[in-house]
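Now for the letters of each chain:
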Amino acid sequence: MNDKRKISTIQMLAESAIMLALSVVLNEFTPIKFPFGGSVTFFSQLPILVIGYRYGIKQGLFTGLAMGVIEMLFGLKNFSYVTGIKGYLILVLADYIIAFSVLGLGAMFKKKIKNQALSLASAGAVVSVLRFICHFISGVTIWGGYAEDQPVWLYSLTYNGGYMLPELIITVVGALAVGSIFDLDSPKLKTLKSEKKSV
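Here, residues in each chain are numbered from 1, in the same order as that chain's written sequence. Residue-level local features of this predicted model are given only where pLDDT is at least 70; pairs of side-chain atoms are given and counted only at 80 or more, and the full residue set underlies all totals for whole chains, interfaces and linings. Excluded from the side-chain calculation are hydrogens and water; included are all heavy atoms of the structure.

**Some thoughts on the pattern of salt bridges**
In what follows, salt bridge is the name for a side-chain nitrogen of Lys or Arg lying within 4 Å of a carboxyl oxygen of Asp or Glu. Evaluated as defined, the whole model comprises 3 salt bridges. As a salt-bridge pair, glutamate 15 and arginine 54 come within 2.7 Å of each other at their nearest N and O atoms. Here arginine 54 lies in helix 2 (residues 46–55) and glutamate 15 lies in helix 1 (residues 9–28), a separation of 39 residues in the sequence. Like arginine 54, glutamate 15 is buried. Arginine 131 serves as the salt-bridge partner of glutamate 167, at 3.9 Å between the closest nitrogen and oxygen. Linking glutamate 167 in helix 6 (residues 152–181) with arginine 131 in helix 5 (residues 116–141), this pair joins segments that are 36 residues apart in sequence. Buried, partly exposed and exposed residues are distinguished by accessible area as a fraction of the type maximum, computed with a 1.4 Å probe on protein chains only: under 20%, between the cut-offs, and over 50%, respectively. Take glutamate 167: its relative accessible area is 2%, and that puts it in the buried class. In DSSP terms, a helix is any run of H or I states spanning at least four residues, a strand is any run of E spanning at least two, and both are numbered starting from the N terminus.

Quick look at the structure:
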């Protein structure tokens, strides 16, 4: 009997909440933390990516949005560094809401790339680039005062790229591992080896 995709709404919401909490916790473990925000973490993007792959883009975006709101609450002190409605809007959207929501696009290649690990890893790379673009825009528009003698675009590129490139690599490696071990379509998250044995 094929039990794939027979997942209740309660299970979906419970898993989303657990993975959201895991992402928030992992985001606090930062081996490298940048002085004006941004850090390299231990796979903090991966749980949201997995929810997006497992339950679709809509649920992924919702879970990513929730993470963005939580991270914004953790970073309320950043609002003291910007002024004006435009500055606040860019900070809210580019550094938090959109930047973390895009992590939920884990299923973007699910139908195009049949290999689960490659599909998840490809999505991980793309969402990391999208998140970088959000932070880059924020850096150019509201954090340019920290550029000193550098061109603002170069400052934002090097600063945000300095933590987002490692985040991209870590996310892709984690996605390849998770996608190679677990059947993400299985309600009980069976390993692929156990799935083959039961066939």
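**A word on the nonpolar core**
The nonpolar core is taken to be a set of buried Ala, Val, Leu, Ile, Met, Phe, Trp, Tyr and Cys residues, with the residues joined through side-chain atoms within 4.5 Å. Formed by 31 residues in total, the largest nonpolar core has its most connected members in Leu49, Met67, Leu91 and Leu120. Contributing elements (two or more residues each) for this core: helix 1, helix 2, helix 3 (57–74), helix 4 (84–101), helix 5 and helix 6. Considering every element that reaches this core, the biggest residue donor is helix 4, with 6 residues. Counting 8 residues, the second-largest nonpolar core is a separate cluster that includes Val40, Ala147, Tyr159 and Met164.

**Topic: the side chain of asparagine 27**
Its location among the elements puts asparagine 27 in helix 1. Overall, the relative accessible area of 10% leaves asparagine 27 in the buried class. The term polar contact refers here to a pair of N or O atoms within 3.5 Å; inside protein, the definition further demands a hydrogen-donor-capable atom paired with an acceptor-capable atom, and it admits residues adjacent in sequence only when both atoms are side-chain atoms. At 3.3 Å, the side chain of asparagine 27 and the side chain of serine 44 are in polar contact. Between two residues, a contact is recorded if the distance between any of their heavy atoms is within 4.5 Å. Ignoring any residue separated from it by four or fewer positions in sequence, one finds asparagine 27 in contact with Ser39, Thr41, Ser44, Met67 and Glu71.

**Section: the packing of aromatic side chains**
Under the pairing criterion, centres of Phe, Tyr and Trp rings, with the six-membered ring standing for Trp, must be within 6.5 Å; the plane angle then separates stacked pairs below 30 degrees from edge-to-face pairs above 60, leaving the rest tilted. Enumeration according to the criterion identifies 8 aromatic pairs in this entry. Considering the side-chain rings of phenylalanine 132 and phenylalanine 136, the 6.0 Å spacing of their centres and the 35° angle between planes classify their relative orientation as tilted. Remark: phenylalanine 136 and phenylalanine 132 occur in helix 5; sequence separation between them is 4 residues, near one turn of the helix. Its relative accessible area of 23% is what places phenylalanine 136 among the partly exposed residues.

**With respect to a nonpolar patch on the surface**
Residues forming no salt bridge and having over 30% relative accessible area are the ones grouped into patches, like charges within 9 Å of each other and nonpolar side chains (Val, Leu, Ile, Met, Phe, Trp, Tyr) within 5 Å. Residue-level accessible areas treat just the shown protein chains as cover; the underlying method is Shrake-Rupley with a 1.4 Å probe. Among the surface-exposed residues, Val25, Phe29, Phe42, Phe43, Leu165, Ile169 and Val173 lie close enough to one another that they form a single nonpolar patch of about 670 Å² accessible area. Top contributing element to the nonpolar patch by residue count: helix 6, with 3 residues. Secondary-structure assignment places phenylalanine 29 in the loop between helix 1 and strand 1 (32–33).

**Describing unusual backbone geometry**
In this model, phenylalanine 43 sits at a positive phi of 60°, which is unusual for a non-glycine residue. The class of phenylalanine 43 is partly exposed, set by a relative accessible area of 34%. The phi angle at glutamate 148 is positive, at roughly 55°, despite the residue not being glycine. Following the sequence through the fold, glutamate 148 ends up in the loop between helix 5 and helix 6.

So far we have only geometry, and geometry alone does not tell us how the molecule works.
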